[in-house]
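A structural walkthrough
Letter by letter, the chains look like this.
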Protein chains: 2
Amino acid sequence: MNPTIHDVARQANVSISTVSRVVNQPLAVRKEKRDRVLQAIEQLGYEPNPFASGLRDRATKTIAAMIPDITNPFYAELFRGIEDIAREQKNNVIICNTDQDEARFLEYMSYFKKKKIDGLIFVSAAVTDAHHATFAELQVPVVLAATDGERFGLPYVKVNDYAAASDAASFLIKNGHRSIGVISGPADDPIAGIPRLAGFRDALAAYGLPHGANAVAYGTYDFDSGYEAMRKLYGTMPELTAVFAASDAMALGAMAFLQRRGMEVPRQISIIGFDNISLSRMVTPALTTVAQPVYEIGKQAAAMLFRRIGNPQDEAQSLVLGHEIVVRDTVWNRN
Amino acid sequence: MNPTIHDVARQANVSISTVSRVVNQPLAVRKEKRDRVLQAIEQLGYEPNPFASGLRDRATKTIAAMIPDITNPFYAELFRGIEDIAREQKNNVIICNTDQDEARFLEYMSYFKKKKIDGLIFVSAAVTDAHHATFAELQVPVVLAATDGERFGLPYVKVNDYAAASDAASFLIKNGHRSIGVISGPADDPIAGIPRLAGFRDALAAYGLPHGANAVAYGTYDFDSGYEAMRKLYGTMPELTAVFAASDAMALGAMAFLQRRGMEVPRQISIIGFDNISLSRMVTPALTTVAQPVYEIGKQAAAMLFRRIGNPQDEAQSLVLGHEIVVRDTVWNRN
DNA sequence: TTGTAGGCGTTATCAC
DNA sequence: GTGATAACGCCTACAA
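Residues numbered from 1 in each chain as written. Chains lettered and ligands numbered in written order. Predicted model: local features only at pLDDT ≥ 70, side-chain atom pairs only at ≥ 80, totals over all residues. Heavy atoms only, no water.

- Within an unreviewed UniProt entry, the label attached to chain A reads LacI family transcriptional regulator, and the organism entered is Paenibacillus flagellatus.

So, in structure tokens, the structure goes:
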């Protein structure tokens, strides 16, 4: 049996209210008594029972993280950032794999309406009207990670996808490539689809390079779709010397396609990915890619959430973190 | 504000105890009233407040999963199995990344002693005396996943590592290999180190094949250590035609070393891994490996845990799940 | 079979 | 500045 507030009170020879005050508003208690209480707490190893507090205040010391799939290394690492901050704050984080499934999402949300949570971090998927409405019902702070919230005024932490994709294009161009294909995310994905494609294309255009429809294939960020997209792309644009993929997994898929067709990467075709997942350095040749500070995104999102939980009127300032190109072995210098 | 038991009672015109009974022991209530109550529950969307129940019964509807690192795809998938069962049981699972760090482990455990959990799943790491002692203090059921508990009488769900490694050896031998190297886990790891090495060596011995110290290098299951181990192994045993690695990540490391040295896999050197992580099909050539039913291990471990939580005297029957060899492209048939 | 009442540990409100 | 006390919502003796 854990010690309760009563045990501490008895030990310190004060009332339970005093103990409670020492814990919650230490300044309101005369120093002398406060020290006595503190000492008793220390001795007994007292910690407030979260159920009792929860029952009274409905604060749960629990946040939820909604993630497409923890099995995906990108999300796993982002989650680590969240978890590390939550642990610092002595909070639990309960993890929700949505599998991008609407029903699953709703199931979790209705669950949260009963069994309260203090806040929510929504990772990576585009926010729809339906999502937004559900968030509002929840009545707790919501922070977005690796996705955009401008449209709904939701605070977010992410990278500038447009600029990052644009940098990828410049990098390829600087390495002497002129015929460049793109494996994009879904054409209607406002997060990692549209902006990355636009950023990349605009950069090509700025250099006066072709960037027509035949230079783009679409995938769904995973390995298999990258493999398939590469097949299509190669069909419509056999002269290409480089490919930009909007995710590392797709880049790996593209690479697998090419290698299995007997083509040499990067000598014949160069590839640059996006994300810098841990696998990207494990393949041969190691993948050159645009790195997002994934772990940091998770950390900052969590920090922002706790700031808002502590102070609900805090007008959270969204964060755009920097990206960088990690140069490994899949881009050939043609100059 | 969510409806409480009182609201339901009023609506159904019964006392709160009747409502409580309907929820907890439906058989003890006359059918007529029961139906009325059920209807009221339905109408109001009543769900018991978990804090109130928690406060009374100290049941938290929360289990913990101790995992070396959720960023590792193997653990991530195992965790998915755990989570899926937990959700079925309307439990939360809080995830603890130990990073194999003792201090971190203890921090979590002491945290759990305060803020109770209903049960614990300990994944993958070898159980030490210290661990075991700490488990005992916790006073809640503990189940082991992907690790052994015989020594302490702890129930576990795992694969037969010895037999699986032995099968890997047979597979290589059947494909005509005679000079075979091993990249083992740590020599003192009783879980995935010792048994996999022993199983593999014993199989070689059974075929009258050499299996001396020069045919083994040791790693720590990760990519880099596999890379390094392959370098050593190749130094001591340049005649080898095949390598067994005790983890896929090490197999990938080994493969990277060979490929970067200009060697062809599998034509010159074959590789077989262990785990069947998702990456193994993404590399080229795709990795042949011994598959563990990871997701299933997580599921079964969780199911076992909930069985024991429900019935503490349940003498949990440990489970040994089957393995299989997933044949892809890294083993050359020399016959 | 059903209802009443007490207590789980905390915090906040009110007196003092 | 401090202490008693009333909730918070649930469950379960115990009484009826």
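1. Let's talk about the sheet that holds strand 7 (residues 216–218) of chain A
Residue and element names in this part refer to chain A.
- On the basis of which strands lie adjacent, the open sheet formed by 6 strands has the order 7-6-8-9-10-12 and mixed pairing. Pairing within the sheet leaves two strands with one partner each, and these edge strands are strand 7 and strand 12 (324–326). Here the strands of the sheet are splayed against their neighbours by 20° on average, with no regard to which way each runs.
- Two elements, strand 10 (residues 288–291) and strand 12, share 3 bridges in a ladder whose sense is antiparallel. Paired with Thr289 across the two strands is Val326, which belongs to strand 12. (Pairing = 2+ DSSP bridges. Helix = DSSP H or I, 4+ residues; strand = E, 2+ residues; numbered from the N terminus. Axes fitted to C-alpha atoms, helices over the stretch in contact; angles between N-to-C directions.)

2. Description of the pattern of salt bridges
- Inspection of the entire model under this criterion finds 30 salt bridges over all chains.
- We note a salt bridge from Asp35(A) to Lys31(A), for which the minimum N-O separation is 2.7 Å. Note that Asp35(A) and Lys31(A) are positioned in helix 3 (residues 31–44) at a spacing of 4 residues, about one turn of the helix.
- A relative accessible area of 35% means that Asp35(A) is categorised as partly exposed.
- Notably, a salt bridge pairs Arg10(B) with Asp7(B), separated by 3.4 Å at the nearest N-O pair. Here the residue Arg10(B) and the residue Asp7(B) both occupy positions in helix 1 (residues 5–12), the gap between them amounting to 3 residues, near one helical turn.
- Asp7(B) gets classed as partly exposed once you look at its relative accessible area, which sits at 24%.
- One salt-bridge network, held together by shared partners, links Asp69(A), Asp99(A), Arg104(A), Glu107(A), Arg80(B), Asp84(B) and Arg87(B). (Salt bridge = Lys/Arg side-chain N within 4 Å of Asp/Glu carboxyl O. Buried < 20%, exposed > 50% of the residue type's maximum accessible area, 1.4 Å probe, protein only.)

3. What to know about the relation of the copies chain B and chain A
- When chain B is fitted onto chain A, the two copies agree to an RMSD of 0.2 Å after a turn of 180° and an axial shift of 0.1 Å. The superposition operator between the copies reduces to a two-fold rotation axis. The C-alpha atom lying nearest the rotation axis in chain B is that of Phe51(B); the distance is 2.6 Å. (Least-squares fit on C-alpha atoms with pLDDT ≥ 70 in both.)

4. Brief notes about the interface of chain B and chain A
- Between chain B and chain A, the residue contacts involve 53 residues of the former and 52 residues of the latter.
- Our count for the chain B to chain A interface comes out at 10 salt bridges.
- A salt bridge links Arg87(B) to Glu107(A); its shortest N-O distance comes to 3.6 Å.
- Remark: the boundary between chain B and chain A carries 20 residue pairs in polar contact (both at pLDDT 80 or more).
- Sorting the residues of the side of chain B that touches chain A by element identifies helix 4 (50–57), helix 5 (73–88), strand 2 (92–97), helix 6 (102–114), helix 10 (223–236) and helix 11 (248–260) of chain B as the ones contributing at least two each.
- The greatest single-element share of the side of chain B that touches chain A, amounting to 7 residues, is contributed by helix 5 of chain B. (Contact = heavy atoms within 4.5 Å. Polar contact = N/O pair within 3.5 Å; in protein donor to acceptor, adjacent residues only side chain to side chain.)

5. A closer look at the protein's contact with DNA strand C
- Surrounding DNA strand C, one finds 28 residues, the nearest of these being Ile5(A), Arg56(A), Ser17(B), Thr18(B) and Arg21(B).
- Near the protein, within 4 Å, the atoms of DNA strand C are sugar or phosphate in 60% of cases.
- Measuring from a phosphate oxygen of DNA strand C, one finds a side-chain N or O atom of Ser15(B) at 3.1 Å.
- When residues of the surface near DNA strand C are traced back to their parent elements, those giving at least two are helix 1 (5–12), helix 2 (16–24) and helix 4 (50–57) of chain A together with helix 2 (16–24) and helix 4 of chain B.
- The leading source of residues in the surface near DNA strand C is helix 2 of chain A, at 5 residues.
- For the surface near DNA strand C, the residue count by class is 9 nonpolar, 10 polar and 9 charged. (Near = heavy atom within 4 Å. Nonpolar A, V, L, I, M, F, W, Y, C, P; charged D, E, K, R; others polar.)

6. With respect to the environment of Pro141(B)
All names here are of chain B.
- Relative to the helices and strands, Pro141 is located in the loop between helix 7 (129–138) and strand 4 (142–145).
- Its relative accessible area of 17% is what places Pro141 among the buried residues.
- The spatial distance from the C-alpha of Pro141 to the C-alpha of Ala163 is 29 Å, given a sequence separation of 22 residues.
- Contact partners of Pro141, with chain neighbours within four places excluded, come to Asp118, Gly119, Leu120, Leu305, Arg308 and Ile309.

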